[in-house]
Amino acid sequence: MPAKGAMKMDPARAADVVVVGGGVIGLSAAWRAARLGHRVTVVDPSPGAGATHAAAGMLAPVSEVTYTEEPLLRLGLASLARWPGFAAELAEESGVDVDHRATGTLDVAFGADDLAALSDLADFMTRLGLPVERLTGRECRRAEPMLSPAVRGGLLAAGDAWVDPRRVTAALLAALSRRGAALVTERVAAVEVAGDRVRGVRTENGTAIPAGRVLLAAGAWSASMPGLPPEALPPVRPVKGEIMRLRGAPGLLGRCVRGTVHGSHAYLVPRGDGEIVLGATQHEMGFDTRVTAGALWELLRDARELVPGVTELEVAEVRAGLRPGTPDNLPVIGPSVLPGLLLATGHHRGGVLLAPLTADAIAAELGGPAPVAGPDRPGGPGGPGAAGPAPDVPVTAICSPSRFRGKGAPAPSPAGRRP
């Protein structure tokens, strides 16, 4: 996405904080830092053009819960509770509507085995105190009339929501411009380190940008950032995901629809303008961003099983993005072993969902209030769009970079240079 509306300022000026990476995580943290009064510079050759541009924008910690990732669920619930307030503040400051919707996610099952697995998952969700409603096949089709007649039953996670990540990017760029932040559309050649402390960054054009703090939020490329000692690099790897966008008249679906089809998880996310996002594949293919015919066939095959009417829609776009994965599927947020270097990366599938919580955690490290999701905070438990209990979450404890200390970062790939 081009950096439309962003302020182009002198990159050579000193900054309090340089943010390396212009995806939803980096831009959200930059916006929060600018709101605290810090002089902020964001450096990215093409802000919002990476994983954020490919993302579907689901804010769905409940419907995406798994049996082994309860810490990630806690993070997701706390961040989901922040999203209504975050979206409202961002829209007010930027003038851009981010298409935030909170009509829930419908997870459906086809065969008897699928239905049994979904029932077991519902029991697990109930034990966790998550708000889900079991539906019969008929009730599923009453909620979403375009569903396949083969649907046997489902679960409704009414508190799940979604946004348009591309609108979020545009809004964040506009808000940063109004806050006087600088945007440098160049690659970072190296993080500058002197006296065992970060001193800023240097771009490929040779421009030095001095800064007291550097926030590394470069997604899948974070583990190969030049200039940093190996022990400061986060163990982040690229996880390829292909996605498809279809276009038709608004109203085909009223909420996100998910299902397990042929052993793979598929979802459809509706936009207000009639667009339907189909996703997503998941492959460990390094930095390969090619879209394959097989992937497109799988996406359309699975989507047709869920909602047969998708075959009548126009194919608007196909794209592959690189999610930043970590060994334990939790993001890396907080101070690194190198003084002055903060990390906000490794969010895998949850970058859009976890953006408000991550931004608040980084703001706290920069001297802002501690990240707390409480009833007195917009979007906190009991507030608009609340998905259920969202207890205070010690973000930098759960996501601390120190948990990987001594394990080493992956060796930088020759293909790991950002395009």
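Definitions and cut-offs
- Residues numbered from 1 in each chain as written.
- Predicted model: local features only at pLDDT ≥ 70, side-chain atom pairs only at ≥ 80, totals over all residues.
- Heavy atoms only, no water.
- Pairing = 2+ DSSP bridges.
- Helix = DSSP H or I, 4+ residues; strand = E, 2+ residues; numbered from the N terminus.
- Patch = residues over 30% accessible without salt bridge, like charges linked within 9 Å, V, L, I, M, F, W, Y side chains within 5 Å.
- Areas by Shrake-Rupley, 256 points an atom, 1.4 Å probe, with all protein chains shown as cover.
- Salt bridge = Lys/Arg side-chain N within 4 Å of Asp/Glu carboxyl O.
- Axes fitted to C-alpha atoms, helices over the stretch in contact; angles between N-to-C directions.
- Contact = heavy atoms within 4.5 Å.
- Buried < 20%, exposed > 50% of the residue type's maximum accessible area, 1.4 Å probe, protein only.
- Expected span 1.5 Å × (residues − 1).
- Arc of directions from axis to C-beta.
- Core = buried A, V, L, I, M, F, W, Y, C linked by side-chain atoms within 4.5 Å.
- Parallel < 35°, antiparallel > 145°, perpendicular 65-115°, else oblique.
- Nonpolar A, V, L, I, M, F, W, Y, C, P; charged D, E, K, R; others polar.
- Polar contact = N/O pair within 3.5 Å; in protein donor to acceptor, adjacent residues only side chain to side chain.
- Phe/Tyr/Trp six-rings, centres within 6.5 Å; stacked < 30°, edge-to-face > 60°.

**Comments concerning the pairing of strand β10 (residues 197–203)**
Sheet analysis places strand β9 (residues 188–194) next to β10, joined by six bridges and oriented antiparallel. Its bridge partner lying in β10, V193 is registered against V198. Hairpin geometry of β9 and β10 is characterised by an intervening segment of two residues between the two adjacent antiparallel strands and by a positive phi of about 60 degrees at G195. Relative to strand β11 (residues 208–216), β10 runs antiparallel, the two sharing three bridges. Among the inter-strand pairings, R202 is bridged to a residue of β11, identified as A208. Where β10 hands over to β11, the hairpin turn is made up of four residues, of which G206 adopts a positive phi near 90 degrees.

**Re a nonpolar patch on the surface**
A surface patch of nonpolar side chains, amounting to about 200 Å² of accessible area, comprises V291, V315 and V318. In this fold, V291 is placed in the loop between β15 (275–279) and α7 (293–306).

**Describing the sheet that holds strand β4 (residues 105–109)**
Strand order in this open sheet of eight strands is β5-β6-β4-β13-β14-β15-β12-β16, and the pairing throughout is mixed. The open sheet terminates on both sides in strands that have one partner only, identified here as β5 (133–136) and β16 (314–325). Each adjacent strand pair in this sheet contributes to an overall mean axis angle of 25 degrees, direction not counted. Where strand β14 (residues 264–270) lies against β15, four bridges are found, and the strand directions are antiparallel. Bridge assignment links Y267 to a residue of β15, and that residue is G279. The strands that helix α4 (residues 112–127) touches are β4, β5, β6 (153–157) and β13 (256–261); relative to β6, the one it contacts most, it runs at about 30 degrees.

**Some remarks on the pairing of β14**
The element β14 is largely enclosed, with a buried count of five among its seven residues. By the bridge criterion, five bridges tie β13 to β14 in an arrangement that is antiparallel. Bridging from a neighbouring strand, V261 pairs with S264 of β14. Where β14 hands over to β15, the hairpin turn is made up of four residues, of which G274 adopts a positive phi near 100 degrees.

**Digging into α4**
With 16 residues, α4 extends 23 Å from end C-alpha to end C-alpha; this agrees with the ideal 22 Å at 1.5 Å per step. Restricting attention to buried positions, one finds in α4 the residues L118, L121, A122, F124 and M125. Along the axis of α4, the buried positions cluster into a sector of 160 degrees, meaning they face one direction only. Relative to its buried face, α4 has exposed residues pointing more than 90 degrees away, namely D113, T126 and R127. Buried-residue contacts for α4 involve α3 (70–94), β4, β5 and β6.

**Remarks on unusual backbone geometry**
What is expected of a backbone is that most residues other than glycine have negative phi and most peptide bonds are trans. Cis peptide bonds are those with omega within 30 degrees of zero, and the linkage from G279 to A280 qualifies with -25 degrees. Relative to the elements of secondary structure, A280 occurs in the loop between β15 and α7. You will see that D99, though not glycine, has its phi angle at about 55 degrees, which is positive. With respect to the helices, strands and loops of the structure, D99 is situated in the loop between α3 and β4. Residue classification places D99 among the buried residues on the basis of a relative accessible area of 8%. Of note in the backbone geometry, H348 takes a positive phi value of approximately 50 degrees without being a glycine.

**Thoughts on the nonpolar core**
Counting 49 residues, the largest nonpolar core has L75 and L90 as its most contacted members. Going through the elements one at a time, β1 (15–20), α1 (24–35), β2 (40–43), α3, α6 (165–178), β18 (341–345), α8 (351–365) and α9 (395–398) are the ones with two or more residues in this core. Ranked by size, the runner-up nonpolar core spans 27 residues in total, among them V188, V214, W221 and V332.

**Considerations on the pattern of salt bridges**
Summed over all chains, the structure comprises 25 salt bridges. In this structure, E275 and R245 form a salt bridge, with 3.5 Å as the shortest nitrogen-oxygen distance. Of this pair, E275 sits in strand β15 while R245 is found in strand β12 (residues 237–247), placing the two residues 30 residues apart along the sequence. Across this residue pair, the class does not change: E275 and R245 are buried. Ionic contacts of the salt-bridge type, sharing partners, join the residues R32, R35, R82, E89, E93, R179 and D360 into one network.

**Considering the packing of α3 against α8**
For any two helices packed against each other, the geometry comes down to the angle between their axes and how far apart the axes lie. The geometry of α3 relative to α8 is characterised by a closest axis approach of 7 Å and an angle of 85 degrees between their N-to-C directions. Considering the angle they form, α3 stands roughly perpendicular to α8. Across from L72, L75, G76, A78, S79, L80, R82, W83 and F86 in α3, the residues of α8 making contact are V352, L353, L354, A355, P356, L357 and D360. Its residues assigned to classes, the contact of α3 with α8 shows twelve nonpolar, two polar and two charged.

**Some points on the environment of T103**
Of note, T103 is situated in the loop between α3 and β4. Ignoring sequence-local partners within four residues, the contact set of T103 consists of A158, D160, W162, G254 and R255. Side-chain polar atoms of T103 contact the backbone oxygen of G254, separated by 3.0 Å.

**A short note on the packing of aromatic side chains**
The description of an aromatic ring pair rests on the distance of the ring centres and on the angle between the ring planes. Across all of its chains, the model carries four aromatic pairs by this definition. When the ring of Y67 is compared with that of F124, the centres are 4.7 Å apart and the planes differ by 50 degrees; the resulting orientation is tilted. Of this pair, Y67 sits in the loop between β3 (58–59) and α3 while F124 sits in helix α4, and the two are 57 residues apart along the sequence. Y67 gets classed as partly exposed once you look at its relative accessible area, which sits at 46%. With relative accessibility at 7%, the residue F124 sits in the buried group. Judged by centre distance (5.9 Å) and plane angle (40 degrees), the ring pair of W221 and F287 falls under tilted. With a gap of 66 residues between them, W221 in the loop between β11 and β12 and F287 in the loop between β15 and α7 connect regions that are remote in the sequence. Overall, the relative accessible area of 12% leaves W221 in the buried class. With relative accessibility at 17%, the residue F287 sits in the buried group. Clustering of aromatic rings is evident, with ring pairs tying together W31, W83 and F86.

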